[in-house]
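Chains, contacts and geometry: an overview
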Amino acid sequence: MDKTILRGRAWVFNDDVDTDLIYHNKYLAETDPKNMPKYSFEYFPGKENFAKEVKEGDFVVAGTNFGCGSSREHAVYCLKYAGVPVILAESFSRIYYRNAINNGYPVLFVKGLSQAIKDGKIKDGDELEVNLLKGEIKDVTNGNTFHGDAVADLEKDIMKAGGLIEYLKEKAEEKKK
Amino acid sequence: MGKTFAEKVLGKAAGESVSAGQVVIVEPHFCMSHDNAAPIWKTFKKIGVSKVWKPDHLVFILDHAIPAPTDKHAENHMQIRQVVKEQGLKHFYDVTSKGGVCHQIMCEEGFALPGLIMVGSDSHTCTYGAFGAFSTGIGRSEMAGAWATGQIWFRVPESMKITVTGKFSKGVSAKDLILKVIGDIKADGADYMSVEFHGPAIEAMSLAERMTLCNMGIEMGAKNAVCPPDKKVLDFIKPIAKTNAWEAIWADDDAVYAQELNYDLGKLEPCVAKPHTVDNYAPIGEVKGTPIHQAFLGSCTNARIEDLREAAAILKGKEIAVRTIVIPASWTVYRQAMKEGLFDVFLDAGCIINNPGCGPCMGNHEGILAPGETCISTANRNFQGRMGNKDSNIYLASPMTVAASALKGEISDPREVL
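The structure displayed is predicted, hence computed values, not measured ones. (Residues numbered from 1 in each chain as written. Chains lettered and ligands numbered in written order. Predicted model: local features only at pLDDT ≥ 70, side-chain atom pairs only at ≥ 80, totals over all residues. Heavy atoms only, no water.)

So, about the overall build of chain B. When helices and strands are tallied, chain B shows 14 helices and 18 strands. The C-alpha radius of gyration of chain B comes to 20 Å, within 12% of the 22 Å expected for a compact globule of 418 residues. Taking the principal axes of the C-alpha coordinates as reference, chain B spans close to 55 × 50 × 40 Å. Residue burial in chain B is summarised as follows: out of 418 residues, 65% are buried. Within chain B, contacts between residues at least 6 apart in sequence are counted, and of these 77% link residues at least 24 apart. Of the roughly 13800 Å² that chain B leaves accessible, carbon and sulfur atoms contribute 51%. Treating the 42 positive side-chain charges of chain B as one cloud and the 47 negative ones as another, the clouds have centres 3 Å apart. (Helix = DSSP H or I, 4+ residues; strand = E, 2+ residues; numbered from the N terminus. Rg over C-alpha atoms; globule rule 2.2 N^0.38 Å. Buried < 20%, exposed > 50% of the residue type's maximum accessible area, 1.4 Å probe, protein only. Contact = heavy atoms within 4.5 Å. Areas by Shrake-Rupley, 256 points an atom, 1.4 Å probe, with all protein chains shown as cover. Lys, Arg positive; Asp, Glu negative; His and termini not counted. Charge placed at Lys NZ, Arg CZ, Asp CG, Glu CD.)

And the structure:
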């Protein structure tokens, strides 16, 4: 199967999911990203089992302003290292968005997602098919489709390099030449 | 067509005329990090550069968990001290009587200056807009990148203009204004935007009040928030400015805004943000009588001398009904409060006073809540579990409302005790 088409289960969240709920302050002293997934959504009511039950390839689906609040990058690492391949949300908070891009972690802005979640058109456990190139999301369980926006050029370059640090390394190498 | 503050500052830094939507790469004047300088250093080393771009542009301030409450925190602090030594950084505020909450120190010590571009690996970095700086929070990778290259990319933001007129009535303060604004436009109301505060009421406000407003810009999603660099700002910064690279820059009168809002201070009343979101606004009347178990007067939002004075005026000669934790924003504030006799007021009332730092704001230490408990706090976030316990509640309010509530052991209207 084409790698740009991903399949997995949906974990569905509401609007304004804050970084405290994604990754609690209590564990901020942790500095190894690989240890972060086990704390994901520990404080999120109804999603306390996320860290235990999330499977490689599952999607995080949310409404508007995902990742609002603190600048902690843990909130990106904990999902990236849990094997969530992309976050689908109607919109992202500015810092969360930058943190994701800077870690080469794809996020997709999906119009209408907030209302669709409220209307129950996309639910926890639904099987999703996500075409990253086209930005198309198909809810295989109920047949609904959604459309995401592509990222801008600079962000694309950073993503292509695998994240900001890799991007800067490449730039540093270019300079040496 | 005129330019907004963000367009002018970013344009100046980029060396070209820019408009909202354009991407620019600029050099930040100051890069602030707190306890998270330790993990940023780890990331920095991966880039393959051995020295930071400009050591004098980096500012490290320990505040999130000081003195270290756990071995992990202690290790991070130790690592930071090593980096400071190794890289020859002169702007370092360790666990000493020169320190305090990072954002307070940045403003008190003359780093926050008009027209500068400032980044911090903390979301409340937007506070420095009170002094006319373009300042914004960034993540750790990005900070590591800035240390290595001295550069950062920004999309020139659209701007929101908030014009404020009128005068506060008794018992109402800047915190009530910003909670009302966030309640109106919601947590994502200013996502990605530069928020400009305009109007005679802003000019009449103290720098402390302006800091409270700008500090909470992030709670409505703003990239930065800013007040005009007027005489009050210039008089304050001139004797202490850490660089002469500053310039008083302000939006043109005919700048174009994505959104404009107007507020009349006279129409505001004391209010709170109810659990568990900052935009969950309620006028005091709606929540009056809600039992509380703890009151917290502290944080980068509301722990300046002006805030402590307002709270002390209410607590004077009275006794608190619930445990009340006072944490001045810095040791300078601490000393000033001590000199003015405010500590006697707090201690006589039964409050405890902790060392300057973030304290219990994000649930690290010094006042974690038990299950089922409710805290009224002058801080900036009431997210579920923020103060360390998932089954607790946090109400955000002004120093006056927090003090009045501490006296009664329930959420109270400060106008009734003033």
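Here we take up the packing of aromatic side chains. As enumerated under the stated definition, the model contains 25 aromatic pairs over all chains in all. The interplanar angle of 70° and the centroid separation of 5.1 Å between the aromatic rings of F92 of chain A and F109 of chain A together place this pair among those described as edge-to-face. Taken together, the residues span a long stretch of sequence, with F92 of chain A in the loop between β3 (87-89) and α4 (94-102) and F109 of chain A in strand β4 (residues 107-110) at a distance of 17 residues. Considering the side-chain rings of F30 of chain B and F111 of chain B, the 5.1 Å spacing of their centres and the 90° angle between planes classify their relative orientation as edge-to-face. Placement of F30 of chain B in strand β2 (residues 30-33) and of F111 of chain B in the loop between α4 (102-108) and β5 (117-120) is noted, with a sequence separation of 81 residues between them. (Phe/Tyr/Trp six-rings, centres within 6.5 Å; stacked < 30°, edge-to-face > 60°.)

Residue and element names in this part refer to chain B. With their axes 8 Å apart at the nearest point, helix α2 (residues 37-47) and helix α3 (residues 71-87) run at an angle of 55° to one another. By the criterion of interaxial angle, the relationship of α2 to α3 is oblique. Crossing hand, α2 versus α3: left-handed. Facing α2, whose interface residues are A37, A38 and W41, α3 presents N76, Q79, I80, V83, E86 and Q87. Along the lines of polarity and charge, the residues of the contact of α2 with α3 split into five nonpolar, three polar and one charged. (Axes fitted to C-alpha atoms, helices over the stretch in contact; angles between N-to-C directions. Parallel < 35°, antiparallel > 145°, perpendicular 65-115°, else oblique. Left-handed = near helix turned anticlockwise from the far one by under 90°. Nonpolar A, V, L, I, M, F, W, Y, C, P; charged D, E, K, R; others polar.)

All names here are of chain B. Burial along β5 is two-sided: the residues I117 and V119 and M118 and G120 are all buried. Bridge count for β2 against β5 is three bridges, and the pairing is parallel. Bridging across to β5, C31 finds its partner in V119. The pairing of β5 with strand β6 (residues 134-137) spans four bridges and is parallel. Note that in β6 the partner of V119 across the bridge is T136. (Pairing = 2+ DSSP bridges.)

With that settled, the discussion passes to the sheet that holds strand β5 (residues 127-131) of chain A. Residue and element names in this part refer to chain A. Judged by pairing direction, the barrel is mixed, and its seven strands sit side by side in the order β1-β2-β3-β4-β7-β6-β5 before closing back on the first. Averaged over neighbouring strand pairs, the angle between their axes works out to 35° when direction is ignored. Two elements, strand β2 (residues 59-62) and β3, share three bridges in a ladder whose sense is parallel. Along β3, the bridge assignment pairs V60 with I87.

Before going further, it helps to examine the nonpolar core. As a rule of thumb, nonpolar side chains are buried together in soluble globular proteins. In terms of nonpolar packing, the biggest core is built from 84 residues, with F41, F66 and L79 of chain A together with W147 of chain B touching the most fellow members. Sort the elements by how many residues they give to this core and α2 of chain B lands first, with six residues. Ignoring anything within four residues of it in the chain, the contact list for L79 of chain A reads I22, S40, F41, F50, V60, F66, V84, I87, Y96 and Y105 of chain A. By size, the runner-up hydrophobic cluster in this structure holds 68 residues, among which are I182, C214, M216 and I325 of chain B. (Core = buried A, V, L, I, M, F, W, Y, C linked by side-chain atoms within 4.5 Å.)

Turning our attention to the sheet that holds strand β9 (residues 194-198) of chain B. Residue and element names in this part refer to chain B. Across the sheet, which stays open at both edges, the four strands sit in the order β10-β9-β8-β11 with parallel pairing between neighbours. A single partner strand is all that each edge strand has here, and the edge strands are β10 (224-226) and β11 (259-264). Sheet twist, expressed as the average angle between the axes of neighbouring strands with direction ignored, equals 15°.

Residue and element names in this part refer to chain B. Burial within helix α5 (residues 140-149) is extensive, with ten of its ten residues counted as buried. Of all the positions in α5, only R140, S141, E142, M143, A144, G145, A146, W147, A148 and T149 are classed as buried. Downstream of α5 by a residue or two, G150 has a phi angle that is positive, lying close to 70°.

Bringing the interface of chain A and chain B into the picture now. Contact residues are listed per partner, giving 43 residues for chain A and 43 residues for chain B. Buried surface at the junction of chain A and chain B, both sides included, amounts to about 3600 Å², of which 54% is carbon and sulfur. Taken together, chain A and chain B are joined by five salt bridges. In this structure, D20 of chain A and R386 of chain B form a salt bridge, with 3.2 Å as the shortest nitrogen-oxygen distance. For the pair chain A and chain B, the interface holds 22 residue pairs in polar contact (both at pLDDT 80 or more). Among the elements of the structure, α1 (19-22), α3 (74-80), α4, α6 (153-161) and α7 (164-176) of chain A are those that each provide at least two residues to the side of chain A that touches chain B. (Buried area = accessible area lost by both parts, 1.4 Å probe. Salt bridge = Lys/Arg side-chain N within 4 Å of Asp/Glu carboxyl O. Polar contact = N/O pair within 3.5 Å; in protein donor to acceptor, adjacent residues only side chain to side chain.)

All right, on to the pairing of strand β6 (residues 136-139) of chain A then. Residue and element names in this part refer to chain A. Side chains of β6 alternate between two faces, with I137 and D139 buried and E136 and K138 left unburied. For β5 and β6, the ladder comprises four bridges, and the chain directions are antiparallel. Note that in β6 the partner of V130 across the bridge is I137. Joining the antiparallel neighbours β5 and β6 is a turn of four residues, in which G135 adopts a positive phi near 70°.

We now examine the environment of K180 of chain B. Residue and element names in this part refer to chain B. In this fold, K180 is placed in helix α6 (residues 174-185). For the pair formed by K180 and N364, sequence separation is 184 residues and the distance between their alpha carbons is 28 Å. Those residues within four positions of K180 in sequence are excluded, and the remaining contacts are Y263, L268 and Y281.

Another aspect to go through is the pattern of salt bridges. Pairing between side chains becomes possible if they bear opposite charge and their charged atoms approach one another. Evaluated as defined, the whole model comprises 29 salt bridges over all chains. Of the charged contacts in the structure, one is a salt bridge between K118 of chain A and D15 of chain A, with a shortest N-O distance of 2.9 Å. Linking K118 of chain A in helix α5 (residues 113-118) with D15 of chain A in the loop between β1 (5-12) and α1, this pair joins segments that are 103 residues apart in sequence. We note a salt bridge from E286 of chain B to K274 of chain B, for which the minimum N-O separation is 2.8 Å. With E286 of chain B in helix α10 (residues 284-287) and K274 of chain B in the loop between β12 (271-273) and β13 (281-283), the pair connects residues that are twelve residues apart, well separated along the chain. Here the residues in one salt-bridge network are R7, E127 and E129 of chain A, joined through shared partners.

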